[in-house]
Amino acid sequence: MAFDVSALSDFNNEVAGKIVLDTVYKGNTAEYVSIQEGIKFEEPINLISVDPYAQGGDSVTNFTGSISFTQRNITVNKRTFLDSMNLQSLTSKYLGVSALPAGSYEETFKLLGDVTTDLVAKVQQDNDNFIWNAVSGSAYSAGLTPISSGLKYIIDSGNTTGVVAATGTGATAIVAATAYDQLTAMLADANVNVLDADDLTFFMGTSVFQRVISGLTTQNLFHFDPTTVAKRGGFYEVPLPGYPNVKIVGTYGLRASERVVLGKASDAFVGTDLISDTNNFSLWYDINTDTLRYRLRNKLGMQIGHPENWVSNDLV
């Protein structure tokens, strides 16, 4: 007797299949830098500099020294994420059997919570990329040309007057074997006024960060403990051995770059309208188009307060 199953498709139990979302390294720069809220378009960072001048003598009557006020503007960029989903397209799929509610009106589906969680994480990831890599007048993505630049452009001695260009080994791409010497060379170039700042921070890409950790672990400088690498707000962070006030931070926004910058984290500013705009979104069913839609809108602008307090290796 012939047992012919050639007309049947191979069985694939899609209903039992596990739903796996992307793993997202968010890299939220806002966890470290200063946030300036309430900006609709542009607002200044107001800077005050006091310069006292000592005089000698028994009777001093000359007024010396100065107090100067300057401003550096933060201009925010409008960013909108908008998409729609026609859930009718799932009705003919096995996944639709488990994900769609009963009835013929597919206005929502059971996986919506997982999808929206992933959506917020992806937007935060793109925010971090924008914070570092936006360039004024240069297309960032389809339909979005920034009107102000990101931190990678701003913290560059060729773009911003006052930013200090790293010298010697500090000006070259980080190599694991010499990473410690390269970072301390950048520290030597830093303004002495910020060397004891509690939030003095090296910002670098994730691949450069991994090279630094590899180098520090191999050299075992000051009994460096690799377990001190901490995850904070989507970043990887580790203290610089021998410098208790200096942090090394791996950022998503610089992931494809050899750029390393050093400065007070609190002297870098991200401007926005509301901090919550980075993860609040609208989700609705549009009966006219029979689609489930979402919109997430935020405003982001970047600036630094004191260029002379930043050091950059200026690498691409």
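Use the structure listed above.
Residues numbered from 1 in each chain as written. Predicted model: local features only at pLDDT ≥ 70, side-chain atom pairs only at ≥ 80, totals over all residues. Heavy atoms only, no water.

## Observations regarding the overall build of the protein chain
1) Next: Of the regular secondary structure elements, the protein chain holds 5 helices and 14 strands.
2) Next: The buried share of the protein chain, taken over its 316 residues, is 42%.
3) Next: Pairs at least 24 apart in sequence give 72% of the contacts found in the protein chain among residues at least 6 apart.
4) Next: Taken as a whole, the protein chain presents about 17,100 Å² of accessible surface, with 53% of it coming from carbon and sulfur. (Helix = DSSP H or I, 4+ residues; strand = E, 2+ residues; numbered from the N terminus. Buried < 20%, exposed > 50% of the residue type's maximum accessible area, 1.4 Å probe, protein only. Contact = heavy atoms within 4.5 Å. Areas by Shrake-Rupley, 256 points an atom, 1.4 Å probe, with all protein chains shown as cover.)

## Describing the pattern of salt bridges
1) Next: For the structure shown, the criterion picks out 7 salt bridges.
2) Next: Among the salt bridges present, the one from Asp273 reaches Lys299, with a minimum N-O distance of 3.5 Å. Here the residue Asp273 occupies a position in the loop between strand E11 (268-271) and strand E12 (282-286), and Lys299 occupies one in strand E13 (residues 291-304), the gap between them amounting to 26 residues. For the pair shown, Asp273 and Lys299 are each scored as buried.
3) Next: One continuous salt-bridge network, built from bridges that share partners, spans Lys40, Asp273 and Lys299. (Salt bridge = Lys/Arg side-chain N within 4 Å of Asp/Glu carboxyl O.)

## Quick notes on the packing of aromatic side chains
Aromatic rings in a pair are described by how distant their centres are and how their planes are angled relative to each other.
1) Next: Using the criterion set out here, one finds 3 aromatic pairs in the structure.
2) Next: Seen in terms of ring centroids, Tyr32 and Phe203 are 6.2 Å apart; in terms of plane orientation they differ by 85°. Their pairing is edge-to-face. In this pair, Tyr32 sits in the segment before strand E1 (34-36) while Phe203 sits in strand E6 (residues 200-205), placing the two residues 171 residues apart along the sequence. One exposure class covers both Tyr32 and Phe203, and it is buried.
3) Next: On the basis of an interplanar angle of 85° and a centroid distance of 5.0 Å, the ring pair of Phe130 and Tyr140 is categorised as edge-to-face. Placement of Phe130 in helix H2 (residues 112-133) and of Tyr140 in the loop between H2 and helix H3 (151-154) is noted, with a sequence separation of 10 residues between them.
4) Next: Overall, the relative accessible area of 0% leaves Phe130 in the buried class.
5) Next: Through pairs of rings, three or more aromatic residues link up here, namely Tyr32, Trp132 and Phe203. (Phe/Tyr/Trp six-rings, centres within 6.5 Å; stacked < 30°, edge-to-face > 60°.)

## Details of the side chain of Ser149
1) Next: Tracing the backbone shows Ser149 in the loop between H2 and H3.
2) Next: Here Ser136 takes part through its backbone nitrogen, which lies 2.9 Å from a polar atom of the side chain of Ser149.
3) Next: Leave out the neighbours within four places in its chain, and Ser149 touches Ala134, Val135, Ser136, Ile154 and Met302. (Polar contact = N/O pair within 3.5 Å; in protein donor to acceptor, adjacent residues only side chain to side chain.)

## With respect to the nonpolar core
1) Next: Ranked by internal contacts, the top residues of the largest apolar core, which has 24 residues, are Leu183, Phe202, Met204 and Ile248.
2) Next: When contributions to this core are tallied by element, the ones reaching two or more residues are helix H4 (179-189), E6, helix H5 (206-219), strand E8 (235-240), strand E9 (243-251) and strand E10 (260-264).
3) Next: When neighbours within four sequence positions are excluded, Ile248 is seen to be in contact with Leu183, Phe202, Met204, Phe209, Val212, Leu216, Tyr236, Glu237, Val238, Pro239 and Leu240.
4) Next: Residues Leu144, Ile155, Val261 and Met302 belong to the second largest nonpolar core, which totals 22 residues. (Core = buried A, V, L, I, M, F, W, Y, C linked by side-chain atoms within 4.5 Å.)

## What about unusual backbone geometry?
1) Next: Look at Asp290: it is not a glycine, yet its phi comes out positive at around 55°.
2) Next: Positionally, Asp290 belongs in the loop between E12 and E13.
3) Next: On the basis of relative accessible area, Asp290 is assigned to the partly exposed category, the value being 27%.
4) Next: Of note in the backbone geometry, Asp314 takes a positive phi value of approximately 60° without being a glycine.
5) Next: As for its position among the elements, Asp314 is in the segment after strand E14 (311-312).

## Points about H4
1) Next: For H4, a buried count of 9 out of 11 residues is recorded, marking the element as mostly surrounded by other parts of the structure.
2) Next: Of all the positions in H4, only Ala179, Tyr180, Gln182, Leu183, Thr184, Ala185, Met186, Leu187 and Asp189 are classed as buried.

## Here's the deal with the pairing of E13
1) Next: Most of E13 sits inside the fold, with 11 of its 14 residues counted as buried.
2) Next: Here strand E4 (residues 77-85) runs beside E13; their pairing, made up of 9 bridges, is antiparallel. If you follow Arg79 over to E13, its bridge partner there is Asn298.
3) Next: Pairing geometry for E11 and E13, over 4 bridges, is antiparallel. Looking at E13, one finds that Phe269 is bridged to Gln303.
4) Next: Summarising the sheet, E12 and E13 pair through 5 bridges and their orientation is antiparallel. (Pairing = 2+ DSSP bridges.)

## Here's the deal with the environment of Ser66
1) Next: Locating Ser66 in the fold gives a position in strand E3 (residues 66-75).
2) Next: The spacing of Ser66 and Ser49 is 17 residues in sequence and 8.1 Å in space, taken between C-alpha atoms.
3) Next: The contact partners of Ser66, leaving out residues within four places of it in the chain, are Ser49, Val50 and Asp51.

## Quick word on a nonpolar patch on the surface
1) Next: Residues Ile48, Val50, Ile67 and Phe69 make up a contiguous nonpolar surface patch of about 470 Å² in total accessible area.
2) Next: Relative to the helices and strands, Ile67 is located in strand E3.
3) Next: Assessed through its relative accessible area of 56%, Ile67 is described here as exposed. (Patch = residues over 30% accessible without salt bridge, like charges linked within 9 Å, V, L, I, M, F, W, Y side chains within 5 Å.)

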